[in-house]
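Reading the structure
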Amino acid sequence: MVWALSTMAMPLAALHPQGAPGCSLFASQCALELCWTGSGAFTTSLTLPNDPALAGQVLWQQAVPFELDVAGHIAALTSTNALKLTIGAF
């Protein structure tokens, strides 16, 4: 999982040879979270301080799954679309 304060558009193939065509990294890498799954689903969360100065701040979130082969090597690198999240209670 990639968390970011800004966006970019970089093809995954430019980052790793196994990057899938048409997949891009849209969240600039401010914080990375490693999530393991065997079923194809996972849950993630980000804890933020209760600080009024953060209200209205925009965060970007994007999942970048690594598919491994039986030897543990990266077989494919894909990505989801990025989510634009705004901090605050509405």
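Residues numbered from 1 in each chain as written. Predicted model: local features only at pLDDT ≥ 70, side-chain atom pairs only at ≥ 80, totals over all residues. Heavy atoms only, no water.

**What about the overall build of the protein chain?**
- For the protein chain, the helix and strand inventory stands at 1 helix and 8 strands.
- N-terminal to C-terminal, the α/β element order of the protein chain is β-β-α-β-β-β-β-β-β.
- Taken along the three principal axes of its C-alpha coordinates, the protein chain extends 45 × 25 × 20 Å.
- Per-residue burial for the protein chain yields a buried fraction of 24% across its 90 residues.
- Accessible surface, the protein chain as shown: approximately 6,200 Å² in total, 60% of it carbon and sulfur. (Helix = DSSP H or I, 4+ residues; strand = E, 2+ residues; numbered from the N terminus. Buried < 20%, exposed > 50% of the residue type's maximum accessible area, 1.4 Å probe, protein only. Areas by Shrake-Rupley, 256 points an atom, 1.4 Å probe, with all protein chains shown as cover.)

**A few points about the sheet that holds strand S1 (residues 2-4)**
- In space, the 4 strands of this open sheet follow the order S4-S1-S5-S8, with antiparallel pairing throughout. Of all strands in the sheet, those with a lone pairing partner are strand S4 (31-32) and strand S8 (83-86), marking the two edges.
- Pairing of S1 with strand S5 (residues 58-62) involves 3 bridges; the strand directions are antiparallel. The residue bridging Ala4 from the neighbouring strand is Trp60, located in S5. (Pairing = 2+ DSSP bridges.)

**Brief notes about the environment of Asp69**
- Looking at the secondary structure, you find Asp69 in the loop between strand S6 (66-68) and strand S7 (74-77).
- When its relative accessible area of 35% is taken as the criterion, Asp69 is described as partly exposed.
- Of the polar contacts made by the side chain of Asp69, one reaches the backbone nitrogen of Ala71; its length is 3.0 Å. (Polar contact = N/O pair within 3.5 Å; in protein donor to acceptor, adjacent residues only side chain to side chain.)

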